[in-house]
Amino acid sequence: LLKQKANSSNKPLSTCQTHTKKKQPLRAGDSQEVPAINGNGNVVKAKSTDKMDNRSAKDSPPLAKPKSKKVAMDKNLNGTKSGAKGCKEKKENGNILKEKGDIKHKRRKAKEHAEQQPKEAEIWFDDIDPKDIEAAIGPEAAKIARRNLGLETGQSKQSVEQVLVKEKASEGLTQAVAMDCEMVGVGPKGEDSIVARVSLVNQFGKCIYDKYVKPTEEVTDYRTAVSGIRPENINTGEDFKTVQKEVADILNGRILVGHALRNDLKVLFLDHPKKKIRDTQRYKPFRERVKSGRPSLKLLCERLLNVQVQTSEHCSIQDAQAAMRLYTLEKKNWEAAVKNKLNKK
C-alpha cells in the first residue's frame, strides 16, 4: 500500500483533479501541508497554512474576530498611552511639588538666618575696632559697626571730610576759627599734659594752621593710640613760644570754636574772652539733644552730623573741623542766644 501511494503521488494528476485542487478552499487553522502543482505540472509542497492565513488576511477583508481584537488592541494602546501621559503628568507634578518644597525650605532657612543676624540697635559699641567685633560676633555685626563708624563702603575718610569741609571755599582767615590740640603726657606717670600739636581751621573747615610743638619737658607717655603723636613728630617740631605767639595772633578778636576748649587754652597758656568762645561741649541745646551733661565730640558728630570721627588715632585738624561744623549747624541760633544773654546783662 505504501508503494502504491508513493507511486500514485509521482504520477501526474489529471486535468479534473488539478481543477479540483485549485478550487478547494483553504480552511483557516489547518495545520496540514497541502500539495500544489507548479507550472510544469509537478506536485510541490505548499507553505504552512499559518503563513497562508497571513497572506490571505492581507488579500481578504478582516474577519469579525480579528477586528474585535484590533479594537481591543487599540483600546489597550490608548490606555497605555493615556497611562503614560498620566505618569508623565504625575512626574511633572512631583517635580513641581519638589520645587515648591525646595522654595519653602530656602525661605525657612533665609528666615532663620535673618533672625540670627544681629540688629543695628544691638551694635552700640564705642571705640571698638570693627575687626574685633567681626571676630567676636560675626561679619554682620562688623558691617553695622562700620556703618555706624562711617567706615562702610562708600563712606571713607574722604566722605567724612566732604561733610566737614566746604568745597571751593576760602582758605583764608574768617571771623570764626576752630582750634584743637593734641597732647602728650609728662611727669612720673605721664598724667600731666603738654601741647604737642596745634591745628586751626576757618569757618569752612579749611586748615589755616597746623604745627607740631617741641616738648618743653621730658615726655613719659606719648599717648600715640589716642593722640597719634610719635617721638619724631615733636622732636623736630616748632618751638613752644613761637607757636604760642602765632596762635594768639590768629585768635585775637575772633570767635574761637572748639570742644572742651578749656583744656586746649590751658596747655597753650592762653586766655580768650568768654563772650568769644563757642564750646560745643558746653552748648546746652547739644547736651539736651544727646542727653548728656558732658557729651564727647564723637557722640555729637554721630548724632547730629551722622559722621564718625576719632575712630582710631585722633587728628587735631579733623577734630577742629568737626567742632566748626557743629557750630555752623547752629550758628544762627547760637549767636542769637549769645546776643540775648549779653543784652540782658
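Preceding this paragraph is the structure being described.
Overview of the structure. (Residues numbered from 1 in each chain as written. Predicted model: local features only at pLDDT ≥ 70, side-chain atom pairs only at ≥ 80, totals over all residues. Heavy atoms only, no water.)

Quick notes on the overall build of the chain
Which entries qualify depends on this criterion: Secondary structure is summarised from DSSP: a helix means a run of H or I of at least four residues, a strand means a run of E of at least two, and numbering begins at the N terminus for each. Note on definitions: a residue-residue contact is assigned when non-hydrogen atoms from the two residues lie within 4.5 Å. In this description, accessible areas are obtained by the Shrake-Rupley approach with a 1.4 Å probe, and a residue is regarded as covered only by the protein chains that are shown.
Tallying secondary structure elements over the chain gives 15 helices and 8 strands in all. A separation threshold of at least 6 residues defines the contact pool for the chain, and within that pool the share at least 24 residues apart is 57%. Surface accessibility of the chain: about 24,100 Å² in total, with carbon and sulfur atoms responsible for 51%.

Considering the state of the cysteines
Put simply, the rule is: Working definition: a disulfide is two cysteine sulfur atoms within 2.5 Å of each other. Exposure is judged per residue with a 1.4 Å probe applied to protein chains only, and the accessible area is read against the type maximum: over 50% gives exposed, under 20% gives buried, and values in between give partly exposed.
The full count for this structure, using the stated rule, is 0 disulfides. The thiol sulfur of Cys315 is not disulfide-bonded, and the nearest other cysteine sulfur, from Cys207, lies at 8.6 Å. Under the relative-accessibility criterion, Cys315 is labelled partly exposed at 23%.

What to know about the pattern of salt bridges
Stated formally: The salt bridge criterion pairs a side-chain nitrogen of Lys or Arg with a carboxyl oxygen of Asp or Glu, the two atoms within 4 Å.
With the rule as written, the count across this model stands at 7 salt bridges. Asp249 is the salt-bridge partner of Lys245, the closest N and O atoms lying 3.3 Å from each other. Highlighted residues: Lys245 and Asp249, both in helix 10 (residues 240-251), separated by 4 residues, approximately one helical turn. According to the relative accessible area criterion, Asp249 is partly exposed, its value standing at 47%.

Topic: the environment of Asp210
Keep this limit in mind: Here a polar contact is taken to be a pair of N or O atoms separated by no more than 3.5 Å, where protein atoms must pair a possible hydrogen donor with a possible acceptor and residues adjacent in sequence count only if both atoms sit in side chains.
Looking at the secondary structure, you find Asp210 in strand 5 (residues 207-212). Measuring from C-alpha to C-alpha, the distance between Asp210 and Asp180 comes to 9.7 Å, with 30 residues separating the pair along the chain. Apart from residues lying up to four places away in sequence, Asp210 is in contact with Arg197, Val198, Ser199, Ser316 and Ile317. Side chain to side chain, Asp210 and Ser199 meet in a polar contact 2.6 Å long.

Focus on the packing of aromatic side chains
Think of a pair of aromatic rings as described by two things: how far the centres are apart, and how the planes are tilted against each other in angle. Condition: Between 30 and 60 degrees the pair is tilted, below 30 it is stacked and above 60 it is edge-to-face, where a pair is any two Phe, Tyr or Trp rings, Trp via its six-membered ring, whose centres lie within 6.5 Å.
Following the criterion strictly, the structure yields 5 aromatic pairs and no others. Centroid distance Phe240 to Phe269: 6.1 Å. Interplanar angle 85 degrees. Geometry classified as edge-to-face. Here Phe240 is found in helix 10, whereas its partner Phe269 is found in the loop between helix 11 (261-268) and strand 8 (277-279), with 29 residues between them in sequence. Assessed through its relative accessible area of 65%, Phe269 is described here as exposed. Aromatic ring contacts, followed pair by pair, group Tyr283, Phe286, Tyr327 and Trp334 into a single cluster.

Looking at the pairing of strand 3 (residues 176-186)
A regular strand carries its side chains on alternate faces of the sheet. Stated precisely, the cut-off is as follows: When DSSP locates at least two bridges between a pair of strands, those strands are taken to pair.
Most of strand 3 sits out of view: 11 of its 11 residues are buried. With burial as the criterion, each face of strand 3 is covered, one bearing Ala176, Ala178, Asp180, Glu182, Val184 and Val186 and the other bearing Val177, Met179, Cys181, Met183 and Gly185. Looking at chain direction, strand 3 and strand 7 (residues 255-258) are connected through 3 bridges and run parallel. Residue pairing for strand 7: Val177 is matched across the bridge by Leu256.

Digging into a positive patch on the surface
Put simply, the test is: Surface patches are drawn from residues lacking salt bridges whose relative accessible area is over 30%; two like charges belong together within 9 Å, two nonpolar side chains (Val, Leu, Ile, Met, Phe, Trp, Tyr) within 5 Å. Working convention for charge: Lys and Arg count positive, Asp and Glu count negative, and His plus the chain ends are omitted. To locate a charge, take NZ of a lysine, CZ of an arginine, CG of an aspartate or CD of a glutamate.
A cluster of like positive charges, contributed by Arg262, Lys266, Lys274, Arg282, Arg294, Lys341 and Lys345, occupies part of the molecular surface. In this fold, Lys345 is placed in the segment after helix 15 (331-344).

Observations concerning the packing of helix 14 (residues 316-329) against helix 15
Helix packing for two helices is described by the angle between their axes and how far apart those axes are. Where we set the bar: Axes here refer to lines fitted to C-alpha atoms; in helices the fit is confined to the stretch in contact. Angles between the N-to-C directions go from 0 to 180 degrees. Orientation is classified from the angle alone, with under 35 degrees giving roughly parallel, over 145 giving roughly antiparallel, 65 to 115 giving roughly perpendicular, and any other angle giving oblique. Polar here means any residue other than Ala, Val, Leu, Ile, Met, Phe, Trp, Tyr, Cys and Pro, which are nonpolar, and Asp, Glu, Lys and Arg, which are charged; Gly is therefore polar.
At a minimum axis distance of 5 Å, the contact between helix 14 and helix 15 shows a crossing angle of 75 degrees. In terms of axis orientation, helix 14 runs roughly perpendicular to helix 15. Packed against helix 14, whose contacting residues are Tyr327, Thr328 and Leu329, the element helix 15 presents Lys331, Trp334 and Glu335 at the interface. Of the residues contributing to the contact of helix 14 with helix 15, the split by class is 3 nonpolar, 1 polar and 2 charged.

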